Amino acid sequence: MALKSYIGRTNVSPVSLPNLSGITRGAQAASQSLLDGVSVIKTVGDLAYKEGAAMREKEGLAAGAEVNLIRDPVTGQYKLPDDMGGDFSIYDQAYQKAALAKYSATIQTDITNTLQKMSVDNFMDVGKFEAVSGGYLKGTLEGVDQRVRNQVASFAARQQSQLAAGIGNRVARQQRQNSAAASSTVIKQSASLVLSAAMAVDSGDVFKHPEVSRLLDNHTKNVGDAVGGLFINQETADLERAALARKVISVSSASRFLKLDKIGRAKALADVIANKGEFINDNPGLKGLTMDERNNTVTLLRALNTGLASVESAVDEATKERIARFLVDEVAGGLSPEAASLIRELRDDPSVKASILFTGANSLVTLQNRAAIANQRQQNLKRAEIRA
């Protein structure tokens, strides 16, 4: 209570302080200027350092790219220089980076070339390629610097895998091609057997003949197997079977046509043109031919007929020649010795046709007979005169 009264009775006057605002602002300005100067110096220093570092890195990369890699004469592997520098300076780091990159790329190129040669040497044997290349890669990778070994190993594995896949694909393609070729051969052979059997059937519906029917079923199975193996599609299979059916009709009718004589062939040809008659009835498959197919069959039969006629004519001519040569000998016996000798000499000449020679010899006989008759008449006349 006494303190309160004391305070209440005391008057305190405020104290005036000096104005320092000008001094504070000056100090702040000086300080900022100093900081700005330090910042500029630091920036210039940083730029100088970066420029120098970039230059040293560039020099190191250039030097490393020119490094001389030595191939070991025994192992055949590339080796880095013994002195690769330290890991402290920018130059050394850049040098090692470029040298190792060149070293890795060189080994990878060497691996690529070697594996490709191995794949060519074993282009159809993926197992042997993998064994040979695996041994090569194991020995090569063991000698690769550990700093790039994993990188080189990954590259080598990809190369080996790709080449092995290529060989495998090649083998698979070749096996498929072989299978397709074998399937095609089986189809052709079975079709040939069908046609051979069809030619041996002399009469009746060739398709109903037991052997032809059996062989046709076998051919159909072979074609079906080709479809199942995806060597041909269903459309091709249908065309194959249809084509064989037409060939059966063609070879069967042609075979029967060839066994006919001249008159029979002429009649058969007329039947095919008219699409009716005995030959058509004996070869019912001809009824199902289209107009174009029938025209083609007529053309075929006409060609066969012409060929047969030519052969038959030659056979007839040869027969005539044999008969003529026999008759020449018979006729020569009735000629004078001089004429008979001449005829026989001509007979032995292969360039002289016996039929012509026979005609000539026969003419000589006729002339000789006429002369003998004339001579006989003269003698008869002389005898008559003497008697008179």
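Residues numbered from 1 in each chain as written. Predicted model: local features only at pLDDT ≥ 70, side-chain atom pairs only at ≥ 80, totals over all residues. Heavy atoms only, no water.

Contact geometry of helix H4 (residues 126–142) with helix H5 (residues 146–199) gives a least axis separation of 10 Å together with a crossing angle of 170°. The angle between H4 and H5 places the two elements in the roughly antiparallel class. On H5, the residues touching Val-126, Phe-129, Glu-130, Ser-133, Gly-134, Leu-137, Leu-141 and Glu-142 of H4 are Arg-149, Val-152, Ala-153, Ala-156, Gln-160, Leu-163, Ala-164, Ile-167 and Gly-168. Looking at the contact of H4 with H5, its residues break down into 10 nonpolar, four polar and three charged. (Axes fitted to C-alpha atoms, helices over the stretch in contact; angles between N-to-C directions. Helix = DSSP H or I, 4+ residues; strand = E, 2+ residues; numbered from the N terminus. Parallel < 35°, antiparallel > 145°, perpendicular 65-115°, else oblique. Contact = heavy atoms within 4.5 Å. Nonpolar A, V, L, I, M, F, W, Y, C, P; charged D, E, K, R; others polar.)

The subject of this paragraph is the packing of aromatic side chains. Under the criterion given, the structure shown has two aromatic pairs. For the ring pair Tyr-91 and Tyr-95, a centre distance of 6.5 Å and an interplane angle of 15° mean the geometry is stacked. Residue Tyr-91 and its partner Tyr-95 are located together in helix H3 (residues 90–121), separated by four residues, close to a single helical turn. Residue classification places Tyr-95 among the buried residues on the basis of a relative accessible area of 16%. (Phe/Tyr/Trp six-rings, centres within 6.5 Å; stacked < 30°, edge-to-face > 60°. Buried < 20%, exposed > 50% of the residue type's maximum accessible area, 1.4 Å probe, protein only.)

Let's shift gears to the environment of Gln-160. Tracing the sequence through the fold places Gln-160 in helix H5. Residues Gln-160 and Gln-116, spaced 44 residues apart in sequence, show a C-alpha to C-alpha distance of 8.9 Å. When near neighbours in sequence (up to four residues on either side) are disregarded, Gln-160 contacts Leu-115, Phe-129, Glu-130, Ser-133, Gly-134 and Leu-137.

Bringing helix H6 (residues 210–228) into the picture now. Along its 19 residues, H6 runs 27 Å from first to last C-alpha, staying within 8% of the 27 Å computed at 1.5 Å per residue. Considered for burial, the residues of H6 that qualify are Val-212, Leu-215, Leu-216, His-219, Asn-222, Val-223, Ala-226 and Val-227. In an axial view of H6, the angular spread of the buried residues amounts to 145°, which keeps them on one side of the axis. Exposed residues on H6 whose side chains face more than 90 degrees from its buried face are Pro-210, Asp-217, Lys-221 and Gly-228. Its buried side turned inward, H6 meets H5 and helix H7 (234–258). Count one or two residues on from H6 and you reach Leu-230, which has phi positive near 65°. (Expected span 1.5 Å × (residues − 1). Arc of directions from axis to C-beta.)

So, on to the side chain of Thr-140. When you line up the elements, Thr-140 lands in helix H4. Among the polar contacts listed, one links the side chain of Thr-140 to the backbone oxygen of Tyr-136, at a separation of 2.9 Å. Among all residues touching Thr-140, those that are not within four sequence positions of it are Gln-77 and Ile-111. (Polar contact = N/O pair within 3.5 Å; in protein donor to acceptor, adjacent residues only side chain to side chain.)

Moving on: unusual backbone geometry. Phi is positive for Leu-230, which is not a glycine, with a value near 65°. Inspection of the secondary structure assignment puts Leu-230 in the loop between H6 and H7. Residue class for Leu-230 comes out exposed when judged on its relative accessible area of 66%. The backbone of Asn-275 sits at a positive phi, close to 60°, despite the residue not being glycine. By the secondary structure assignment, Asn-275 is in the loop between helix H8 (262–274) and helix H9 (278–282).

Turning to the pattern of salt bridges, a few remarks are in order. Within this structure, the stated rule accounts for 11 salt bridges. Salt-bridge contacts for Glu-211 lead to Arg-214; the nearest nitrogen and oxygen are separated by 2.8 Å. Taken as a pair, Glu-211 and Arg-214 lie in helix H6 at a separation of three residues, close to a single helical turn. Residue Arg-246 is joined to Glu-293 by a salt bridge in which the shortest nitrogen-to-oxygen separation is 3.6 Å. Of this pair, Arg-246 sits in helix H7 while Glu-293 sits in helix H10 (residues 291–332), placing them 47 residues apart in sequence. (Salt bridge = Lys/Arg side-chain N within 4 Å of Asp/Glu carboxyl O.)

This paragraph deals with the environment of Ile-167. Along the polypeptide, Ile-167 turns up in helix H5. A sequence separation of 41 residues divides Ile-167 from Val-126, and the C-alpha atoms of the two residues are 5.7 Å apart. Ignoring anything within four residues of it in the chain, the contact list for Ile-167 reads Ser-119, Asn-122, Phe-123, Met-124, Asp-125, Val-126 and Phe-129.

Turning to H5, a few remarks are in order. Compared with the 80 Å implied by 1.5 Å per residue over 54 residues, the 79 Å span of H5 between its first and last C-alpha is a close match. For H5, the N-terminal capping position is held by Asp-145, with its side-chain oxygen 2.8 Å away from the main-chain nitrogen of Arg-147.

Next up on the list: the nonpolar core. In terms of nonpolar packing, the biggest core is built from 24 residues, with Tyr-103, Ile-107, Ile-111, Leu-115, Val-144 and Val-152 touching the most fellow members. With eight residues, H3 is the single largest residue contributor to this core. With residues up to four places along the chain from it excluded, the contact list for Ile-111 reads Tyr-136, Leu-137, Thr-140, Val-152 and Ala-156. Residues Val-194, Leu-195, Ala-198 and Leu-215 belong to the second largest nonpolar core, which totals 12 residues. (Core = buried A, V, L, I, M, F, W, Y, C linked by side-chain atoms within 4.5 Å.)

Right, let's talk about the confidence of the model for the protein chain for a bit. Averaged over every residue, the pLDDT of the protein chain is 80; residues scoring 70 or more account for 67%. Confidence, read as mean pLDDT per element, is least for helix H1 (residues 2–9) in the protein chain (39) and greatest for H6 (95). (pLDDT = per-residue confidence, 0-100.)

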